[in-house]
Amino acid sequence: MSKNSSLRPAPLGLLETILEHGATVCLILFFVSVVLQVLFRYVLEAPLTWSEEAARYLNLWSVALGAALAVARREHLRVNVIDRLLAGGPRLLYTSVHCFGLVVTLVFSIIVFIGAVYMTIDRWTVSLTVLPVRQGFIYLALAVSFSIIITSLAIQLVAVWRTGYRERSRLK
Amino acid sequence: MIVAILIGVLVVLLILGIPAVFALGVSSVLYLAVTRGIDAIPSAVVAQRILYGMDSFALLALPLFLFVGRLMNESGVTNRLFGFAKALVGHFRGGLAHVNVLASLIFAGMSGAATADAAGLGAIEIKAMREAGYDLEFSASVTAASSLIGPILPPSVPLVLYAILAGVSVNSLLIAGIVPGILMALALMSYVAYVAHKRQLPVDSRHNLRDLLVSFKDAFLALLTPVILVGGILTGAFTATEAGAVASLYAVILAVLIYRTVSWAKLYDIFRRTMMDSAIIMFILAVANLYSWLLIRARVPVFVADFIFRFSDNYWVVISLVILFLLFMGCFVSAIVTINIATPVLVPLIKAAGGDPLHFGIIMVVTLMIGELTPPFGMVLFAITRVTDIPFERLVRSVAPFIIPVAAVLVLLVSFPGLATAVPNWLLQR
């Protein structure tokens, strides 16, 4: 298994920076919520009502944004045996295999994106149990994440199609 | 046909190099397209299932465990732990190899991932052993093998993942890992003692009581981290997530305010890197939630159980076959991914054969840890080759004998389930 792909990451520029800091800030706020929950429950003996919900959804946003960033940087875990097998193979086979992978991933991402948008709209009027936040806001994390994933995959697909031969040569 | 789509397609997509998270998603969607029609894929249900996979309070322990391990590695605590372990067992023959195992055992109480131990503490251990005259192969191999203790002792990322997927108590499973983790350390130290005697490895001078006390004082505050984490879970005072939160806060105070080895900017960077690791692991878990839901709806675990029981329904035969399967998977796929894919299928099988899912969780993680030491995709081996200049092939050869003590512990755990289950049963009155 490897986090490093043979392919170049999809450059998202400023969006990548926003994603990275956004996800990190969500994780820090999640950390603060969980710590506050423990301190108020065990030290001050006055449990907070909102901290668990806040922690769960901050973590969810952090994971959703981080996962999109990992797609842009091609850092998701994968078995990389195919890279070695195709390193010396014909150009067309190399390009086809990677394009196939990107296309099926793109199809799956579009399906999730459609579902996430539907759920965001459907639950926009429903409130969470404790926090004054709409349930749709939680599904919005998935919709935002998959919209960025789709963009990254589309950029990668074009890049592989155009530069497949050069990428293959780099592997040798 | 159903099994072929859900399992066969997944295997093919993994081999084709599609990231595990998307291989799980694509096979799930393909199954839905075949069974319901391409124009009737319930995209809202797909989104819901993925979201549910990320939304659990127990799951929040994962980023906290990852954060504590990373922060402890970055804060220089590992040097203090190594110094303390050296003062304790450094005077035995092959002392630094024993120190290596003991330091990993202590660090395992703070870190939940083998690669964190191998790449962080491992770099210090290998450097010290090389300077003391140990050969590179042996130093790297002891470090690789001892890092496997990390995911067995609490806090453990693989055990939390398994607990959530198998529906067993996170606290019980983490506690169940204590005795197996200590057993693994003892088995590795026994093997080191054998090699030290056979090869007449170096002996360090015995530390006097004063040195021991000084090193203990130096490491004392750091040693409290596993006490807080494991102690909080053991006594039932905290849930795994709460214990992770308290340990994280303590680690921040220690690293930033007391030791002052981590600046606020560096702390932010540690959060940033934890975020990436956490997102990658939890995103797989989220999509695996969709996949496992479909596996259960398609009754795949029942088909697999029926297929295996056609040959034998004897528990020992079933568990042996499952271990062989996990060893095979461990050679090619990381433990995190295997747990996500295999747990929903294997747990019902083990239950039907009369096994205990809590006990099986420990068996599964220990078995998968062996895979971390085997080619072609041992993650620990990659981590070690990154911190040393040892070629991969040489490391593979030299680490192979260390699989024997780990496998011996696995056999013990399979034969005597009480080694894993007695402590949680007693403490939490399961």
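Residues numbered from 1 in each chain as written. Chains lettered and ligands numbered in written order. Predicted model: local features only at pLDDT ≥ 70, side-chain atom pairs only at ≥ 80, totals over all residues. Heavy atoms only, no water.

**Structural notes on the overall build of chain A**
- Per the secondary structure count, chain A includes five helices and zero strands.
- Along chain A, from the amino end to the carboxyl end, the secondary structure elements read α-α-α-α-α.
- Here the contacts in chain A between residues at least 6 apart in sequence split such that 76% fall between residues at least 24 apart.
- Accessible surface, chain A as shown: approximately 7800 Å² in total, 67% of it carbon and sulfur. (Helix = DSSP H or I, 4+ residues; strand = E, 2+ residues; numbered from the N terminus. Contact = heavy atoms within 4.5 Å. Areas by Shrake-Rupley, 256 points an atom, 1.4 Å probe, with all protein chains shown as cover.)

**Some remarks on the packing of aromatic side chains**
Residues and elements named next belong to chain B.
- Summed over all chains, the structure comprises 18 aromatic pairs over all chains.
- Ring plane angle 10 degrees and centroid distance 6.4 Å describe the contact between Tyr134 and Phe138, whose orientation is recorded as stacked. Across the pair, Phe138 and Tyr134 agree in class, each one buried.
- Plain terms: the ring middles of Tyr191 and Tyr194 are 6.2 Å apart, the flat faces sit at 40 degrees to each other, and that makes the pair tilted. Within this pair, Tyr191 and its partner Tyr194 are both found in helix α11 (residues 178-199), separated by three residues, close to a single helical turn.
- By the ring-pair criterion, three or more aromatic residues cluster together here, those being Tyr134, Phe138, Tyr191, Tyr194 and Phe402.
- In this structure, Arg80 is placed above the aromatic ring of Tyr259, and the distance from its NZ or CZ to the ring centre is 3.7 Å. (Phe/Tyr/Trp six-rings, centres within 6.5 Å; stacked < 30°, edge-to-face > 60°. Buried < 20%, exposed > 50% of the residue type's maximum accessible area, 1.4 Å probe, protein only. Lys NZ or Arg CZ within 6 Å of the ring centre and 35° of its normal.)

**So, helix α15 (residues 300-311) of chain B**
Residues and elements named next belong to chain B.
- The end-to-end C-alpha distance of α15 is 18 Å, a good match for the 16 Å that 12 residues give at a rise of 1.5 Å each.
- Residues of α15 that are buried: Val300, Pro301, Val304, Ala305 and Ile308. Buried residues along α15 cover an arc of 135 degrees about the axis, so they all sit on one side.
- Of the surrounding secondary structure, the elements contacted by the buried residues of α15 are α1 (2-15), α14 (264-297), α16 (315-332) and α17 (335-352). (Expected span 1.5 Å × (residues − 1). Arc of directions from axis to C-beta.)

**Some remarks on the interface of chain A and chain B**
- Counting residues at the interface gives 58 residues for chain A and 61 residues for chain B.
- For the interface between chain A and chain B, the tally reads three salt bridges.
- The residue Asp55(B) makes a salt bridge to Arg56(A) at a minimum N-O spacing of 2.7 Å.
- Linking chain A with chain B are six residue pairs in polar contact (both at pLDDT 80 or more).
- If you list the elements that add at least two residues to the side of chain A that touches chain B, you get α1 (14-43), α2 (51-72), α3 (81-86), α4 (91-122) and α5 (136-171) of chain A.
- The element best represented in the side of chain A that touches chain B is α1(A), accounting for 15 residues.
- Its residues placed into classes, the side of chain A that touches chain B shows 38 nonpolar, 12 polar and eight charged. (Salt bridge = Lys/Arg side-chain N within 4 Å of Asp/Glu carboxyl O. Polar contact = N/O pair within 3.5 Å; in protein donor to acceptor, adjacent residues only side chain to side chain. Nonpolar A, V, L, I, M, F, W, Y, C, P; charged D, E, K, R; others polar.)

**Re the layout of surface pockets**
All names here are of chain B.
- When its volume is computed, the second largest pocket comes out at roughly 670 Å³.
- Along the walls of the second largest pocket sit 26 residues, with Ile7, Val11, Phe325, Phe328 and Met329 positioned nearest its centre.
- Those elements that provide at least two residues to the lining of the second largest pocket are α1, α14, α15, α16 and α17.
- Per-element accounting of the lining of the second largest pocket gives the leading share, seven residues, to α16.
- For the lining of the second largest pocket, the per-class residue count stands at 26 nonpolar, no polar and no charged. (1 Å grid on protein atoms, 1.4 Å probe; cavity = no way out; pocket = protein on both sides within 12 Å on 5 of 7 lines; lining within 4 Å. Points joined across faces, edges and corners; volume = space filled by probe spheres on them.)

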